[in-house]
Amino acid sequence: MFGPLVCLIVGVSLILFLILVLRFHAFLALTLAALSVAILSDQVPLNGAVSLVTGQFGAAMGGLGILLVLAAIIGKCMMDSGAADRIVRAFNRLFGAGREEFSLFASGFALSIPVFFDTVFYLLAPLARAAYARRKRDYILLVTMTAAGGAVTHALIPPTPGPILVAEALGVSILTAMGVGFMASIVPTFFGAWFYASWINKRIQAEPKDMLGMSQTELERTAAKPDSELPSLFFSCVPFLLPVFLLAGSTFIGEFLKSGLYQRLIELIPQIETVLHKDAAWISLMGDKNLVFFIGAAFGIWLLVSSKKQSLNDTFKSLESAIASGAVIAFITCAGGAFGKSLAAAGVGAYIASGAETWGISLMALAFFCAALMRVAQGSATVAMVTTAGIIAPVLQTTTLSYHPAYLVAVIGFAATAFSWMNDSGFWIFGQMTGLTERQTLQTWTATLSLMGVLGAAWVWVLSIVLPLV
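Engineer: In this structure, what is going on with the overall build of the chain? I would like to understand it.
Structural biologist: Scanning the chain from N- to C-terminus turns up 23 helices and zero strands. In the chain, which comprises 470 residues, the share counted as buried stands at 54%. Across the chain, the fraction of contacts at a sequence separation of at least 24, relative to all contacts at a separation of at least 6, is 80%. Approximately 20,000 Å² of the chain is accessible, and the part contributed by carbon and sulfur atoms is 68%.

Structure (structure tokens):
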């Protein structure tokens, strides 16, 4: 049996070999890697290796599976009902004609907070192509800014599942993770995405092509529907804003009940404590992420039924593809969690902590490189985040930080955003939906996200010094 360093090398190398060379599915590669690490480790009993992996996979699925499927349902409902299109148009009016790249960026930034990036880009790519039809120029700028807006919030800001799971693993409240995510994303996104997109736009000549069974004319016709055929802006926002408000509200109330202000308040009005303690269960229930996403999905289904004027039976049939997609993502993500658990059980976390202390490497740098390596190895940003959180979380037990751990959540998110290439589904979705070649996709999608990730991590490091929040 082997020590933590060998287990780490074997696990990561196996993932690289299985995915990049043998073209294994990410779920199988991650599961095999998790089992291999558990079996080879000298800190895991041989007869407990399999149960360690399956137990963690089941625990991750219990906390994540429902959430991922519900997020996929919300995204599908918003797309099919026209709600997402309605939100995009609101941003268009806000920024004005001729600034479509900013409205598309803002749309991607907002929609990818509760909805998977893949779903958001499926919606926004036709709108970017329609914007090009009006401008007849700057196609690369339009599609690159669209992708950048969605990618950054997908990995940084809850209630997207990845940041939620990392925040929970590192003991950071969702509200704090949201605040730091917003604060951390602005500077690197502007400088990394807009400047680079403007620069590369002048060097690549490309036009949208007919693809996926839809012509450019049909896409323009879809984006040209009058507002009267779309849901109102208020109801369009409900499916994804309601979960955000419920989660934030629960966190706020929970923190208030622990505060000195609450203690002084009950001294003045003792009856308040009786009421709040009697109803403490609903406060906890309001903050359950599975429940709030279920509520959001229910509103999304209602919106889809009312906008399409179709039966519930037809509506649920149209949602089957979204449910299947969410289930596949859940299996891959939970396998990544099992791999992270195997590494932690093998003592990799303690080894990293010791190495950081001996070599003087900061925990923030280690978090970035771990997440970046997992991103390159298997493609999924969410899996990279969850796996890295499993490695870093045990280190926090033995380390005193000079900054709030929410900054580690942001660094992991930026690292998981960077270095997307051909093993990432987002790479192919971007290329297929925009009609760009693989070379052009590397020059736009991969380069933009990598620049944003590196600049973002550097910006988080600066913030952790200037504004440590501790």
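Engineer: Explain the packing of aromatic side chains to me, please; I cannot follow it from the model alone.
Structural biologist: Within a pair of aromatic rings, the relevant descriptors are the distance that separates the centres and the angle that separates the planes. Going through the model one piece at a time under the given rule, you end up with 16 aromatic pairs. A connected cluster of aromatic rings, assembled from ring pairs, spans Phe-95, Phe-102, Phe-191, Trp-194 and Phe-195.

Engineer: I'm lost on a nonpolar patch on the surface in this one. Help?
Structural biologist: On the surface, a cluster of nonpolar side chains totalling about 520 Å² of accessible area is made up of Phe-17, Val-21, Leu-22, Phe-24, Leu-28 and Leu-32. Mapped onto the nonpolar patch, the elements with two or more residues apiece are α1 (4–21) and α2 (26–40). Mapped onto the elements, Phe-17 comes out in helix α1.

Engineer: Would you take a moment to explain the nonpolar core for this structure?
Structural biologist: Proteins that are soluble and globular tend to have nonpolar side chains buried together. The biggest cluster of nonpolar side chains holds 141 residues, and the ones touching the most others in it are Leu-111, Leu-170, Phe-339 and Leu-408. It is helix α3 (residues 49–81) that contributes the most residues to this core, 15 residues altogether. Those residues within four positions of Phe-339 in sequence are excluded, and the remaining contacts are Gly-11, Val-12, Ile-15, Leu-30, Ala-33, Ala-34, Val-37, Met-374 and Thr-387.

Engineer: How should the packing of α2 against helix α17 (residues 320–345) be read in this particular structure?
Structural biologist: Two quantities define a packed helix pair, namely the angle between the helix axes and the distance between the axes. Where α2 meets α17, the closest approach of the two axes is 8 Å, and the angle between their N-to-C directions is 15°. Between α2 and α17, the interaxial angle falls into the category roughly parallel. Seen from above, α2 lies across α17 with left-handed handedness. Listed contacts from α17 to Ala-26, Phe-27, Leu-30, Thr-31, Ala-33, Ala-34, Val-37 and Ala-38 of α2 are Phe-331, Ile-332, Ala-335, Gly-336, Ala-338, Phe-339, Ser-342 and Leu-343. Residue classes in the contact of α2 with α17 are distributed as 13 nonpolar, three polar and no charged.

Engineer: Would you mind going over the packing of α1 against α2 with me for this structure?
Structural biologist: Contact geometry for α1 and α2: axes closest at 9 Å, N-to-C directions at 155°. The orientation of α1 with respect to α2, classified from their angle, is roughly antiparallel. For α1 against α2, the interelement crossing comes out right-handed. Of the residues in α2, those touching α1 at Cys-7, Val-10, Gly-11, Leu-14, Ile-15, Leu-18 and Ile-19 are Ala-26, Ala-29, Leu-30, Leu-32, Ala-33, Ser-36, Val-37 and Leu-40.

Calculation rules
- Residues numbered from 1 in each chain as written.
- Predicted model: local features only at pLDDT ≥ 70, side-chain atom pairs only at ≥ 80, totals over all residues.
- Heavy atoms only, no water.
- Helix = DSSP H or I, 4+ residues; strand = E, 2+ residues; numbered from the N terminus.
- Buried < 20%, exposed > 50% of the residue type's maximum accessible area, 1.4 Å probe, protein only.
- Contact = heavy atoms within 4.5 Å.
- Areas by Shrake-Rupley, 256 points an atom, 1.4 Å probe, with all protein chains shown as cover.
- Phe/Tyr/Trp six-rings, centres within 6.5 Å; stacked < 30°, edge-to-face > 60°.
- Patch = residues over 30% accessible without salt bridge, like charges linked within 9 Å, V, L, I, M, F, W, Y side chains within 5 Å.
- Salt bridge = Lys/Arg side-chain N within 4 Å of Asp/Glu carboxyl O.
- Core = buried A, V, L, I, M, F, W, Y, C linked by side-chain atoms within 4.5 Å.
- Axes fitted to C-alpha atoms, helices over the stretch in contact; angles between N-to-C directions.
- Parallel < 35°, antiparallel > 145°, perpendicular 65-115°, else oblique.
- Left-handed = near helix turned anticlockwise from the far one by under 90°.
- Nonpolar A, V, L, I, M, F, W, Y, C, P; charged D, E, K, R; others polar.

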